[in-house]
Amino acid sequence: MNNVPVTFSRTNPFPAKVLTNVNLNGEGSKKETRHLELSLKGSGLTYAPGDCLGIIPQNDPELVTSLIEEMKWDPETAVTINKLGETLPLREALTTYFEITLLTKKMIQQAAELTDSEALKKLSSEENIHQLKEYIDGRDLLDLLQDFGPWKATAQEIVALLRKMPPRLYSIASSVSAHPEEVHLTIGAVRYTTHGRERKGVCSVLCAERLHEGDTLPVFIQTNKHFNLPDSPEKDIIMVGPGTGIAPFRSFIEERSVIKAPGRSWLFFGDQHASCDFLYQNELEGYQKAGVLTRIETAFSRDSEEKVYVQHKMLEHSKELFEWLENDACFYVCGDKQHMAKDVHDALISVIEKEGQMTREAAEAYVTEMQAQGRYQRDVY
């Protein structure tokens, strides 16, 4: 017998068993944030705080059914899924293999050759690139098929337009030292309505609606070399993570608790309502009582007349924040790249400018130097 150990990876994911799947938000919340605990027992997989877990998701079966019905396809038709010539029944291919919730420019241009629709031919032409971008935003394969029929294409020709489903990456929310052979995630369910239909995040809504304890999820570890705890446990850390941005910081705090790190830690957490959106509140307050977490500042934007966010709390505590930075503290941000991370970055510069009594340029240079030293790290998406 050849007992070569199996290596699990992106191309050979591990079927992790779901141990726990609960909603972290309380009654009255407008959000649904799932706390997932998965077993890595027997996988040989391990990770460091700051790493990500990749999940290979499946598409919503209702969306797949709508596509098949729209095109009057036979769900059992065999379709070729890759260059190796491997085949799957159509329903299975649309559920497990192909991405069906995003459109690309290339896909629409190729699709234009499979229909007599003048509107699609016009939309996909180079001079209408802005309209094409506008059309793509928030639409999926079902929209394309509904908007530009009748199609003169076989199921095979349509699936040939599709990309392979990419894995979804999530910041790991646990320390392997605190939870041996387990990995935890904090996933916000994405649901919104656009172009007259309710849309659902492929992986987040799979976790929220269709994943039950005892089920398995294909996963792999993705290391993150640019988001780690400092080498020395004596260093102070400042963590800014509103909403699901709390995830890697839960892993940081758990790790520092296990190793009894002497360095101080300060968390800035924000969300909508204190009563129902304070993720991991009991755990965090427990860590604060135990002295593992030195300080917690919270910003609940919908609990006051004026919306208060994490960056406002940073400005409010600018004196102490600058003292920590001068004491060589590491500064971390996790969350939304477009708005939050930008606002936090600007607030950080303002704090340094004010408390260091320096020009804006000098404060920006201070931040650039922090980045160069690895003392300012961002995990943004």
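Residues numbered from 1 in each chain as written. Predicted model: local features only at pLDDT ≥ 70, side-chain atom pairs only at ≥ 80, totals over all residues. Heavy atoms only, no water.

Chemist: I would appreciate a short explanation of the sheet that holds strand β7 (residues 182-188) in the present structure.
Modeler: Strands belonging to one sheet form pairs held by backbone hydrogen bonds; the direction of such a pair is parallel or antiparallel. The strand order across the open sheet formed by 6 strands is β6-β3-β10-β1-β2-β7, and the pairing between neighbours is antiparallel. Each of the sheet's edge strands pairs with one partner strand only, and the pair in question is β6 (168-171) and β7. Averaged over all adjacent pairs, the angle separating strand axes in this sheet is 40°, with direction ignored. The sheet contact formed by strand β2 (residues 33-39) and β7 spans 7 bridges and is antiparallel. The partner of H35 across the bridge, within β7, is T186. Packing of helix α8 (residues 202-210) onto the sheet brings it into contact with β1 (14-23), β2, β3 (52-55), β6, β7 and β10 (216-222), and relative to β6 it is tilted by some 70°. (Pairing = 2+ DSSP bridges. Helix = DSSP H or I, 4+ residues; strand = E, 2+ residues; numbered from the N terminus. Axes fitted to C-alpha atoms, helices over the stretch in contact; angles between N-to-C directions. Contact = heavy atoms within 4.5 Å.)

Chemist: Help me understand the packing of helix α13 (residues 318-326) against helix α14 (residues 337-355) in this model?
Modeler: Two measures define how a pair of helices packs: the angle their axes make with one another and the distance between the axes. Running from N to C, α13 and α14 cross one another at 90°; their axes reach a closest spacing of 9 Å. Between α13 and α14, the interaxial angle falls into the category roughly perpendicular. Contacts between α13 and α14 involve S318, K319, L321, F322 and L325 from the former and L348, V351, I352, K354 and E355 from the latter. Classifying every residue of the contact of α13 with α14 gives 6 nonpolar, 1 polar and 3 charged. (Parallel < 35°, antiparallel > 145°, perpendicular 65-115°, else oblique. Nonpolar A, V, L, I, M, F, W, Y, C, P; charged D, E, K, R; others polar.)

Chemist: Hey, could you run me through the side chain of E254 in this one?
Modeler: By the element assignment, E254 lies in helix α9 (residues 247-258). Side chain to side chain, E254 and H179 meet in a polar contact 3.0 Å long. In contact with E254, not counting residues within four places along its chain, are A173, S174, S175, A178, H179 and Y287. (Polar contact = N/O pair within 3.5 Å; in protein donor to acceptor, adjacent residues only side chain to side chain.)

Chemist: When you look at the packing of aromatic side chains in this model, what are you seeing that I'm missing?
Modeler: Note on aromatic pairs: each is described by the distance of the centres and the angle between the planes. Evaluation of the coordinates by the stated rule reveals 15 aromatic pairs. Between F249 and F252, the aromatic rings sit 5.7 Å apart at their centres with planes inclined by 70°, giving edge-to-face as the arrangement. Placement of the pair is F249 and F252 together in helix α9, with a separation of 3 residues, close to one helical turn. Residue classification places F252 among the buried residues on the basis of a relative accessible area of 0%. Seen in terms of ring centroids, F322 and Y366 are 6.0 Å apart; in terms of plane orientation they differ by 40°. Their pairing is tilted. On the criterion of sequence distance, the pair formed by F322 in helix α13 and Y366 in helix α15 (residues 360-372) is long-range, its members being 44 residues apart. In this structure F322 comes out as buried when scored by relative accessible area, which is 11%. Owing to a relative accessible area of 18%, Y366 belongs among the buried residues under this scheme. The rings of F227, F249, F252 and Y332 are connected pair by pair, giving a single aromatic cluster. Across the ring face of W324, the terminal group of R264 is positioned such that the distance to the ring centre comes to 4.0 Å. The ring of W266 has R295 lying over it, and the distance from NZ or CZ to the ring centre is 4.0 Å. (Phe/Tyr/Trp six-rings, centres within 6.5 Å; stacked < 30°, edge-to-face > 60°. Buried < 20%, exposed > 50% of the residue type's maximum accessible area, 1.4 Å probe, protein only. Lys NZ or Arg CZ within 6 Å of the ring centre and 35° of its normal.)

Chemist: Can you walk me through the nonpolar core in this structure?
Modeler: Proteins that are soluble and globular tend to have nonpolar side chains buried together. Core analysis: the biggest nonpolar cluster contains 38 residues, and L144, W151 and I158 have the highest contact counts within it. For this core, the secondary structure elements donating two or more residues are α1 (61-71), α2 (90-97), α3 (105-111), α4 (118-123), α5 (129-136), α6 (141-147) and α7 (155-159). Element by element, the count of residues in this core is highest for α1, at 5 residues. Apart from residues lying up to four places away in sequence, I158 is in contact with M71, W73, L114, L141, L145, W151 and A153. Of all hydrophobic cores here, the second largest spans 26 residues; its members include A329, V333, A347 and V367. (Core = buried A, V, L, I, M, F, W, Y, C linked by side-chain atoms within 4.5 Å.)

Chemist: Sorry, what's going on with the packing of α14 against α15 here?
Modeler: Two elements in contact, α14 and α15, have axes separated by 8 Å at closest approach and are oriented at 115°. The way α14 lies across α15 gives a crossing that is right-handed. Across from H345, D346, L348, I349, S350, I352 and E353 in α14, the residues of α15 making contact are R360, A363, E364, Y366, V367, M370 and Q371. Split by residue class, the contact of α14 with α15 holds 7 nonpolar, 3 polar and 4 charged. (Left-handed = near helix turned anticlockwise from the far one by under 90°.)

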